[in-house]
Amino acid sequence: MKDLTQNIIDLAKMKKLDYTDIRIVRRQNEEIEVKNGRVEALTRDEDFGFGIRVLSNGAWGFACSSKVTKKEMEAVFGKALKIARASLRTQRNGIHYPTVPSVIDRYTTPYSIDPFEVALETKLNLLLQVNEILQKNKKIKISEAFMSTYQTEKIFASTDGSFIEQKIIECGAGISASAIEGDEIQVRSYPNSFRGNFATKGYEWIEKLDLIGHAERVAEEASQLLKAKPCPSKITTLILDSSQLALQIHESIGHPIELDRILGTETSYAGTSFIKPEMVGHFKYGSELVNIVADATFPGGLGTFGYDDEGVKAQRTPIITNGILVNLLTSRETAHHLGRESNGTMRADGWNRIPLIRMTNINLEPGEWTLEGMIADTEEGLLLSTNRSWSIDDQRINFQFETEIGWEIKNGKIGEMIKNPTYTGITPTFWNACDAIANQNHWQMWGTPNCGKGEPGQVAHVGHGASPARFRKVQVGVMKG
Amino acid sequence: MAKRESILNLLKKLVQESLADQTEAILLTEDSSLTRFSDSVIHQHVAERNQMLILRVVAGKRIAVVTTNQIQSSSVQKILQQAISLAQVQPPNEEFISLPNPVPIPEIKTFYNHIGRLSPIQKVKRVNDLLKQTREKGCAASGAFSNGVVELVVVNSLGVEAYQKFSDLFFHLIVKKEDESGYASFVARDPDLLDIEALAREALSKISRKEPIQIDPGEYEVVLEPYAVSDLLSFLGYLGFHALALQEGRSFFCHRFGEKMVDERVTIYDDGLDKEGLQVPFDFEGVPKKRVIFFERGVAKGVSYDSITATREGKDSTGHALIPPNTEGPIPINLFMEGGESSLKEMIQSIRKGIYVTRFHYTNVVEPMKAVITGMTRDGTFLIEDGEIKNPIKNLRFTESILSALSRVSLISKERKICSEGTVYSRRFVTGTVAPAIKIDGFNFSGVSNV
């Protein structure tokens, strides 16, 4: 493969282009879904191809193909160049694209058990067994168990002189029980909703999830929810569990700090951001307890890798320190807007997409509290767990979330279960109302394998670490039936 | 034609030689490009050529699916064997009877040669024309202009042979001036129908040059443009209009067929053959599309089926299978809402105090069986007072049952529009929803954006 990539790099140099990179990507994916005791999906997917990105006279062009041959690569290189030259007609100012030191390296996800080598029967038996436990509860009408494994092999070469090979292994699993009665559905999931929890780890990650050990509780809670109290409508204190907080971080911090989005390149689809580059260094995003880092080096995080798709090494970057916005997610092209260098967040969804600024692992650092202490310290409020739905505006400021389950907190104790819990708020107001964050013992990484952005659409795998946290004066109960 | 025969022969040979009891081969090819601009500058211009071969094999009652984008005969044979091996390790699905048998497929035109004229230079010229028009009005423009050619081929070992070539073009545009924005989009199979000037005019018409004001959340009469209506219809399709949701007891249609669930002015259906929409003659099982009526004059009528959900009820598929393995159900992708007798102007004139909504953003389900969803307004939200559009207003969050809202529909526009987001994540297969504008006498806004 090195000969093939070098041929394109040589061609680019011969044509004296500003910059060129080529990525050859092979992805394999296995999906298993068991529903109501039946194997509903058992699939293997393989996808292979290359993409060439050229910068010519300050304008970008990109073309790609699934036919990985020297001849096709040369044709695709020509197409990318033609596109770049055509795009030049609308450029006002050339693109500032700094060179970076060349890198020759290889990165592989550390793992113990290759998930693709585990017998299919073992995986199926686990999911079928869990499904059987869920189905024992007669209120459960839809029982589901999921498992996904991914392997991505990437070769990156650029006119900077870099040649980087990476092999990323990811897997995850989860269960879900839906209790249905009349016109009501209640759902409980473990370890997280929307197919479970995911990590850059081997099959040892799935073994540790202990799906079987949680199945009975999940089914029981779903059936109890049918008879639970509806969520009250009021302004109250909210404690979010770690998994819901992970999505809250994703939507109301992770996306707004993407510098390409801030600069407007997502306007036509996903939207922009209420954050502006000039807010970096002084904007009070949250209370002084709030510390956020973008950490692409965190072991096992779903947003962990060796190098981004521009050849920049994975980094750990403080984003919010003691509540103050101190940095953004940047790329080689955008970082100069902050007078800085890229912090290595450009990733593409395969060979047929250009890299975009994507979240890595956007983590909320742990605080000092125990969860028990936080609850005992709360006179009145709600404890909410496991996301059920999410929505946020195109500037990432007005959000509304629903969780699968909640509990009242009264006089420092957990009270009755509540159903259909919703809450809504304004991003900086919400994060500034954070007055307690649980400690390292409660801190956990969550993998989000379905982060959408870009046109043509791209899905990224990202991670979020969080422990439960408390927020004051939050509007809950916004349901209308 | 030669390419059509060669693809069909390749897939026929593959399914005939398969050692599985039944085999289905689906090929989806794509040759597309997308030009994206922001703040009146092209910042992304990409082209893609790809294909996806999906093999579904049946061993007894065991089913497995393998997908690849490498279709050389050696690798295809290898993945066919892999699919058979995958099928054999799993327990049987006793409900499964058979892949579908062949049914004649209607011949319709879904490909227009002129799509090939859209070279990178041509597209940049068209975008430049648009940018000139928006700059003259002092507005910055962002958007995407995409064109593509897609082939869908379905062959199975029972004799299904379906081939269709599609062209598609979509263009969406957001214009901005200070705190105001406006939206317009266009989608068609025939690229000659694109009228850039009209598209720009539509988006620019939302720029009023007034400061957006903030209004309190609450229940208001609303006028929803087709873009917003199509979002509501798509959620109904996903939540309740298909057989799997019904069979699993999670559809709002459960036990309610024959009941008047929404206003009698409301008729909603799916029709892949209706010329007003983006036509698709058959589904991903090679079964021809049938028209399915979901609401007829407000009364719950029926749902869409693929072969698996149809078999469960002893019915025929309506031609709504999606790419296998599809665990979400046969969700309809060619939705229509019947037009009425009104116009946007008449709707606005009929309102003393209300809200005009161009489109919604980031809508999501809150309570599935009541079809309660939430989302924000975006790119053109206005206060209507005394029958006239007054100020632009800051975006609002709504939390509302679509079914309740449709039971309060009082006016429906005669004119309808095809609405489409273009591609959805990675697989290009452009379809659209044909929707009118509607007036709803009471729509719940639950929050407001403070920017």
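The structure displayed is predicted, hence computed values, not measured ones.

Caption draft 1: Geometry of the overall build of chain A. Looking only at helices and strands, chain A features 9 helices and 24 strands. A compact globule built from 481 residues would reach a C-alpha radius of gyration of about 23 Å, and chain A, at 24 Å, matches this within 12%. Principal axes of the C-alpha set define a box for chain A whose edges measure 70 × 55 × 40 Å. Burial analysis of chain A (481 residues in total) assigns 60% to the buried set.

Caption draft 2: Highlighting the interface of chain A and chain B. Every contact between the two is made by 72 residues of chain A and, on the other side, 75 residues of chain B. In terms of residues, the side of chain A that touches chain B owes the most to one element, strand E2 (residues 38-56) of chain A, which gives 12 residues. Its residues assigned to classes, the side of chain A that touches chain B comprises 25 nonpolar, 25 polar and 22 charged. Where strand E3 (residues 59-65) of chain A meets strand E2 (residues 41-59) of chain B, 4 bridges bridge the pair, whose relative direction is parallel. Each bridged residue has a counterpart across the sheet, and for Ser65 of chain A the counterpart in E2 of chain B is Arg49 of chain B.

Caption draft 3: Here's a closer look at unusual backbone geometry. Residue and element names in this part refer to chain A. In this model, Tyr190 is joined to Pro191 through a cis peptide bond whose omega is -10 degrees. Position of Pro191 relative to the elements: it lies in the loop between strand E7 (184-190) and strand E8 (197-199). Looking along the chain, the bond that leaves Glu455 and enters Pro456 is cis, with omega of -5 degrees. Summarising the element assignment, Pro456 is placed in the loop between strand E22 (444-453) and strand E23 (458-466). Phi angles above zero are rare outside glycine, and Arg195 is one such case at about 85 degrees. Mapped onto the fold, Arg195 is located in the loop between E7 and E8. Judged by the 21 C-beta atoms lying within 10 Å of it, Arg195 falls in the buried class. One non-glycine residue, Lys473, lies in positive phi territory at about 55 degrees.

Caption draft 4: Quick look at the nonpolar core. Formed by 278 residues in total, the largest nonpolar core has its most connected members in Ile52 and Ala80 of chain A together with Ala83, Ala87 and Leu173 of chain B. The element contributing the most residues to this core is E2 of chain B, with 11 residues. Once you skip the residues sitting within four places of it in the chain, Ile52 of chain A turns out to touch Ile8, Thr20, Ile22, Ala63, Cys64, Val76, Phe77 and Ala80 of chain A.

Caption draft 5: Molecular detail of the packing of helix H3 (residues 120-135) of chain A against helix H5 (residues 211-225) of chain A. All names here are of chain A. Contact geometry of H3 with H5 gives a least axis separation of 8 Å together with a crossing angle of 25 degrees. Here H3 is positioned roughly parallel relative to H5, judged by the angle of their axes. Crossing of H3 against H5: the hand is right-handed. When H3 is examined against H5, the residues Leu126, Gln129, Val130, Ile133 and Leu134 are found in contact with a partner set consisting of Leu211, Ile212, Ala215, Glu216, Val218 and Ala219. When grouped by side-chain class, the residues that make up the contact of H3 with H5 number 9 nonpolar, 1 polar and 1 charged.

Caption draft 6: A look at the sheet that holds strand E11 (residues 292-295) of chain A. Residue and element names in this part refer to chain A. Taken in spatial order, the 4 strands of this open sheet run E13-E12-E11-E16, and their pairing is antiparallel. Two strands close off the open sheet at either side, each with one partner strand: strand E13 (324-325) and strand E16 (362-364). Bridging between E11 and strand E12 (residues 316-321) involves 4 bridges; their strand directions are antiparallel. Directly across from Val293, in E12, lies its bridge partner Pro318. Docked against the sheet, helix H6 (residues 242-254) engages E11 and E16, running at close to 120 degrees with respect to E16.

Caption draft 7: Layout of the environment of Thr429 of chain A. All names here are of chain A. Within the fold, Thr429 resides in helix H9 (residues 427-432). Given 14 C-beta atoms within a 10 Å radius, Thr429 is considered partly exposed. For the pair Thr429 and Glu204, spaced 225 residues apart in sequence, the C-alpha separation works out to 40 Å.

Caption draft 8: Highlighting H6 of chain A. All names here are of chain A. Under the 1.5 Å per step criterion, the end-to-end length of H6 is only 16 Å for 13 residues, more than 12% shorter than the ideal 18 Å. Counting buried positions along H6 gives 12 out of 13 residues, so the element sits mostly inside the fold. Along H6, the positions that sit buried rather than exposed are Ser242, Ser243, Gln244, Leu245, Ala246, Leu247, Gln248, Ile249, His250, Ser252, Ile253 and Gly254.

Caption draft 9: Examining the pairing of strand E18 (residues 398-410) of chain A more closely. All names here are of chain A. With respect to burial, E18 is a largely interior element, 11 of its 13 residues being buried. Two strands pair when backbone bridges link them, and strand E17 (residues 380-392) and E18 are joined in this way by 11 bridges, in the antiparallel orientation. For Ser389, the partnering residue across the bridge sits in E18 and is Glu402. Sheet analysis places E18 next to strand E20 (residues 422-426), joined by 5 bridges and oriented antiparallel. By the bridge assignment for E20, Phe399 is matched with Gly425. Pairing of E18 with strand E19 (residues 413-419), which is carried by 4 bridges, proceeds in the antiparallel orientation.

Caption draft 10: Just the packing of helix H2 (residues 70-87) of chain A against helix H3 (residues 120-136) of chain B, in detail. Running from N to C, H2 of chain A and H3 of chain B point in directions that differ by 25 degrees, and their axes come no closer than 9 Å. Here H3 of chain B runs roughly parallel to H2 of chain A, going by the angle between their axes. Crossing geometry of H2 of chain A relative to H3 of chain B is assigned as right-handed. Across the interface between the two elements, Lys82, Ile83, Ala86 and Ser87 of chain A of H2 of chain A pack against Pro120, Ile121 and Val124 of chain B of H3 of chain B. Looking at side-chain class alone, the contact of H2 of chain A with H3 of chain B contains 5 nonpolar, 1 polar and 1 charged residues.

Caption draft 11: Region of interest: the confidence of the model for chain B. Looking at chain B as a whole, its pLDDT mean stands at 94, while 98% of the residues score no less than 70. Predicted complex, confidence summary: ipTM 0.94, pTM 0.96.

Caption draft 12: Examining the environment of Glu421 of chain B more closely. Residue and element names in this part refer to chain B. The residue Glu421 is located in the loop between strand E16 (409-419) and strand E17 (433-448) in this model. By the C-beta count within 10 Å, which is 20 here, Glu421 ends up buried. Note: C-alpha distance between Glu421 and Glu136 (285 residues apart in sequence) is 27 Å.

Caption draft 13: Here's a closer look at H3 of chain B. Taking 1.5 Å per residue, 17 residues should reach 24 Å; H3 of chain B reaches 24 Å between its end C-alpha atoms and fits that length. Buried within H3 of chain B we find Pro120, Lys123, Val124, Val127, Leu130, Leu131 and Thr134 of chain B. All buried residues of H3 of chain B lie within an arc of 125 degrees about the axis, which places them on one face of the element. More than 90 degrees from the buried face of H3 of chain B, the exposed residues found are Gln122, Asp129, Lys132 and Glu136 of chain B. Those residues of H3 of chain B that are buried are in contact with H2 of chain A together with strand E1 (22-38), E2, strand E4 (140-156), strand E5 (161-177) and helix H4 (196-204) of chain B.

Caption draft 14: Inspection of the pairing of E20 of chain A at higher detail. Residues and elements named next belong to chain A. In terms of residue burial, E20 counts as a mostly covered element, since 5 of its 5 residues are buried. Burial along E20 is two-sided: the residues Thr422, Thr424 and Ile426 and Tyr423 and Gly425 are all buried. Here E20 pairs with strand E24 (residues 469-476) via 2 bridges, running antiparallel. Each bridged residue has a counterpart across the sheet, and for Thr424 the counterpart in E24 is Gln475.

Caption draft 15: Quick look at the environment of Asn364 of chain B. Examined against the element boundaries, Asn364 of chain B turns out to sit in strand E12 (residues 353-367). In sequence terms Asn364 of chain B and Thr374 of chain B are 10 residues apart; their C-alpha atoms lie 5.6 Å from each other. Apart from the residues within four sequence positions on either side, Asn364 of chain B is in contact with Ser389, Trp390 and Ser391 of chain A together with Ile373, Thr374 and Gly375 of chain B.

About the thresholds
Residues numbered from 1 in each chain as written. Chains lettered and ligands numbered in written order. Predicted model: local features only at pLDDT ≥ 70, side-chain atom pairs only at ≥ 80, totals over all residues. Helix = DSSP H or I, 4+ residues; strand = E, 2+ residues; numbered from the N terminus. Rg over C-alpha atoms; globule rule 2.2 N^0.38 Å. Buried ≥ 20, exposed ≤ 12 C-beta atoms within 10 Å, placed from the backbone. Contact = placed C-beta atoms within 7 Å. Nonpolar A, V, L, I, M, F, W, Y, C, P; charged D, E, K, R; others polar. Pairing = 2+ DSSP bridges. Core = buried A, V, L, I, M, F, W, Y, C linked by C-beta atoms within 7 Å. Axes fitted to C-alpha atoms, helices over the stretch in contact; angles between N-to-C directions. Parallel < 35°, antiparallel > 145°, perpendicular 65-115°, else oblique. Left-handed = near helix turned anticlockwise from the far one by under 90°. Expected span 1.5 Å × (residues − 1). pLDDT = per-residue confidence, 0-100. Arc of directions from axis to C-beta.

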